[in-house]
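So the chains spell out like this:
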Amino acid sequence: MPAQRETKMNTRLTCWIGIAVILLATGAAAIAQDDLDQRIDKNINDWVGTYKHLHEHPELSTEEKETSTLVAGQLKKLGFEVTDHFGKYESGNAAYGVVAVLKNGAGPTVYVRTDMDALPVTENTGLAYASKVREKQPNGEVGVMHACGHDLHMTVFLGTAKMMAETKDKWSGTLVLIGQPAEETVGGAAAMLHAGLFTKFPKPDYVVALHDTSSLPAGKVAWHTGTMLAGADSVDITIRGFGGHGAAPYVTKDPIVIASELVVALQTVVSRESDPLVPTVVTVGSFHAGTKHNIIPDEAHLQLTVRTMTPAQREKVLAAIKRITNGIAEAAGIPAERAPIIEIAKDNVPATINDPALTQRVAVALEKSVGKENVWPGQPIMASEDFSLYALEDPKPPTTMFWLGATDPAKWKEAQEKGTRLPGPHSSEFAPLPEPAIRTGVKAMTGAATELLHK
Ligand SMILES: [Zn+2]
Ligand SMILES: [Zn+2]
């Protein structure tokens with residue numbers, strides 16, 4: 001049957017043409033990738049050195065003096081126009097923000113953000129380059145550690161800066177790199193934005209960042225569209241009763257009993273008032289009252305953290321907390337003039353929502369730069385980030401943050417198979433594997449920036 005044979009041949013021909021096109025395309029991509037791989041090979045030892053140095057010399061939020069000097073210095077050497085000590089906190093104190101601009105012809109403006117601060121955690125990794133830094137705090141001396149991996153973020157950021165500066169013929173537009181202080185205490189992003197980040201420097205078309213995670217092995221990255229990190233609110237509640245002798249509770253209004261009832265009642269905000277398909281957390285992390293066995297105090301103090309994924313859910317949960325708190329105090333017979341004091345901290349962080357269109361573009365770039373098999377679907381988590389604030393500041397640019405795997409792949413595999421514990425960010429034992437985490441991060445971020453600034 002000739003007709004059929006002809007069709008078969010045509011199919012085969014089309015098929016071969018298809019394969020040739022694919023080979024040509026992947027060949028071109030492979031050449032670009034080989035070039036980047038070679039450049040990374042030349043630098044990787046230096047970068048691991050930078051990482052270990054940063055890890056050994058962590059600085060707490062708002063105190064990133066030496067760290068920001070190192071970041072600014074390296075960016076200056078690469079030919080960026082650098083402004084340091086940029087930003088002002090609400091207190092009026094100057095922030096150690098770094099802004100580095102590299103103009104390279106016509107095209108969009110892409111911001112890449114790293115954070116720079118460490119945490120008050122005493123390191124317990126046993127690494128040769130573990131931090132020995134101690135700092136005096138009001139409640140005693142604490143260790144200081146890059147327990148969230150912001151040292152890894154900075155190293156990848158500086159590596160990306162070098163790769164972008166060396167390959168200016170491959171992209172066109174403006175690259176703005178921002179070193180943000182005080183992410184952990186929330187205030188760094190606001191300090192830079194309020195000081196005019198988006199008006200004194202080129203207006204952003206896109207803002208991109210990454211965060212390390214122990215949930216992925218080093219060598220992998222992951223992306224997620226939509227809400228990636230929860231919004232966080234801190235709520236302080238003062239239950240005001242009437243104190244007295246512990247032996248005569250009937251002539252008092254015991255704030256400890258009222259606050260205890262409240263702690264239990266607050267559990268229903270999530271279990272009975274929230275859609276189970278919308279992640280929500282209400283945690284009472286602190287409960288303080290009283291001085292002695294036989295004294296009923298006048299007040300009890302509660303501190304809550306509230307995590308929500310959308311502005312509407314946030315409003316609903318905060319309203320429920322107020323309603324339940326006031327209702328329980330009233331039921332206990334507390335008069336209106338001694339009603340509970342409920343304070344919602346002003347420095348709340350909204351949810352980090354990854355722009356779908358930008359995230360899709362970045363996801364394709366990640367697959368190209370680190371290989372499809374190394375790009376996994378990402379998961380949202382209930383932690384928070386002030387990265388969310390960049391999306392809310394005029395001109396309200398699309399933003400996206402992706403995950404960078406940090407765990408030793410052998411340990412990750414063992415954890416999957418045997419259920420062993422994997423210390424993650426904020427743990428005193430969190431120990432990212434610098435290679436291949438740095439290499440993968442630089443490839444991924446360089447790939448994302450090059451895609452957004454493509455010629
Ligand atoms: Zn953190
Ligand atoms: Zn972090």
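To be clear, the structure that these remarks concern was listed above.
Throughout what follows, the structure given in this document is the object of discussion. Everything numeric in this text was worked out from a predicted model, so none of it was measured.

Let us now look at the overall build of the protein chain. Per the secondary structure count, the protein chain includes ten helices and 18 strands. Principal axes of the C-alpha set define a box for the protein chain whose edges measure 100 × 65 × 50 Å. Scored against the burial criterion, the 455 residues of the protein chain give a buried share of 48%. As displayed, the protein chain has an accessible area near 21600 Å², and 57% of this comes from carbon and sulfur atoms. Charge centroids of the protein chain, computed over 43 positive and 52 negative side chains, lie 5 Å from each other.

Take the coordination of the zinc ion (ligand 1) next. C148 (SG), E184 (OE), E184 (OE) and H426 (NE2) make up the full set of protein donors to the zinc ion (ligand 1), lying at 2.0 to 2.6 Å. Positions of the donor residues of the zinc ion (ligand 1) along the chain correspond to the pattern C-x35-E-x241-H. Here the zinc ion (ligand 2) and the zinc ion (ligand 1) are spaced 3.2 Å from one another, each receiving a donor from C148. With a gap of 242 residues between them, E184 in the loop between strand 6 (173–180) and helix 4 (188–194) and H426 in the loop between helix 9 (409–418) and helix 10 (434–452) connect regions that are remote in the sequence.

Scanning the model with the defined rule gives 18 salt bridges in all. Between D35 and R39 there is a salt bridge, with the nearest N and O atoms lying 3.3 Å from each other. Here D35 pairs with R39, and both are found in helix 1 (residues 2–56), just four residues apart, close to one helical turn. By relative accessible area, which is 22% here, D35 ends up partly exposed. E429 is paired through a salt bridge with R421; the nearest N and O atoms lie 3.0 Å apart. When its relative accessible area of 30% is taken as the criterion, E429 is described as partly exposed.

Another aspect to go through is the packing of aromatic side chains. Overall, the coordinates contain six aromatic pairs when judged by the stated rule. Each ring, one from Y51 and one from Y129, has its centre 6.1 Å from the other, and the planes form 70 degrees; the classification is edge-to-face. Of the two residues, Y51 is situated in helix 1 and Y129 in the loop between strand 3 (109–115) and strand 4 (134–137); the sequence distance between them amounts to 78 residues. On the basis of relative accessibility, which here comes to 1%, the residue Y51 falls in the buried class.

Take empty space enclosed by the protein next. Within the structure shown, the criterion is met by one cavity of 30 Å³ or more. Of the pockets and cavities examined, the largest cavity occupies roughly 50 Å³. Along its surface, the largest cavity is lined by V112, R113, T114, H153, V156, F157, T160, A209, L210 and M445. Residue assignment for the lining of the largest cavity shows that the elements contributing at least two residues are strand 3, helix 3 (150–166) and strand 7 (206–217). Among the elements that make up the lining of the largest cavity, the one with the highest residue count is helix 3 (four residues). Of the residues that constitute the lining of the largest cavity, the class distribution is six nonpolar, three polar and one charged.

Further remarks concern the nonpolar core. One finds L75, F80, L175, L177 and F402 to be the most contacted residues of the largest nonpolar core, which totals 54 residues. The leading source of residues in this core is helix 3, at nine residues. Setting aside residues up to four positions removed in sequence, F80 forms contacts with L75, A100, V101, L102, A161, A165, L175 and L177. In terms of nonpolar packing, the next biggest core, distinct from the first, is built from 23 residues, V176, L193, A195 and A222 among them.

Once that is clear, we can look at the layout of surface pockets. Quantified by volume, the largest pocket comes out at close to 820 Å³. What lines the largest pocket is a set of 39 residues, among which R307, A383, S384, E385 and H426 lie closest to the centre. Broken down by secondary-structure element, the contributors of at least two residues to the lining of the largest pocket are strand 7, strand 10 (231–240), strand 12 (280–289), strand 14 (299–308) and strand 17 (375–377). When the residues that make up the lining of the largest pocket are grouped by side-chain class, the tally is 16 nonpolar, 15 polar and eight charged.

As a further point, take the sheet that holds strand 6. Strand order in the open sheet formed by eight strands is 1-2-6-3-7-18-8-17, with mixed pairing between adjacent strands. Each edge of the open sheet carries a strand with a single partner, namely strand 1 (81–88) and strand 17. Neighbour-to-neighbour, the strand axes of the sheet open up by a mean angle of 30 degrees, direction not taken into account. Pairing of strand 8 (residues 221–223) with strand 17 involves three bridges; the strand directions are parallel. Residue pairing for strand 17: V221 is matched across the bridge by V375.

Moving on: the pairing of strand 10. For strand 10, a buried count of eight out of ten residues is recorded, marking the element as mostly surrounded by other parts of the structure. Across ten bridges, strand 10 lies against strand 14 in antiparallel orientation. By the bridge assignment for strand 14, S234 is matched with T305. In terms of strand pairing, strand 10 meets strand 15 (residues 341–344) through four bridges, oriented antiparallel. Residue pairing in the sheet places D236 in a bridge with E343 of strand 15.

Conventions we followed
- Residues numbered from 1 in each chain as written.
- Chains lettered and ligands numbered in written order.
- Predicted model: local features only at pLDDT ≥ 70, side-chain atom pairs only at ≥ 80, totals over all residues.
- Heavy atoms only, no water.
- Helix = DSSP H or I, 4+ residues; strand = E, 2+ residues; numbered from the N terminus.
- Buried < 20%, exposed > 50% of the residue type's maximum accessible area, 1.4 Å probe, protein only.
- Areas by Shrake-Rupley, 256 points an atom, 1.4 Å probe, with all protein chains shown as cover.
- Lys, Arg positive; Asp, Glu negative; His and termini not counted.
- Charge placed at Lys NZ, Arg CZ, Asp CG, Glu CD.
- Donors = N, O, S within 2.8 Å, 3.2 Å for Na, K, Ca; no water.
- Salt bridge = Lys/Arg side-chain N within 4 Å of Asp/Glu carboxyl O.
- Phe/Tyr/Trp six-rings, centres within 6.5 Å; stacked < 30°, edge-to-face > 60°.
- 1 Å grid on protein atoms, 1.4 Å probe; cavity = no way out; pocket = protein on both sides within 12 Å on 5 of 7 lines; lining within 4 Å.
- Points joined across faces, edges and corners; volume = space filled by probe spheres on them.
- Nonpolar A, V, L, I, M, F, W, Y, C, P; charged D, E, K, R; others polar.
- Core = buried A, V, L, I, M, F, W, Y, C linked by side-chain atoms within 4.5 Å.
- Contact = heavy atoms within 4.5 Å.
- Pairing = 2+ DSSP bridges.
- Axes fitted to C-alpha atoms, helices over the stretch in contact; angles between N-to-C directions.

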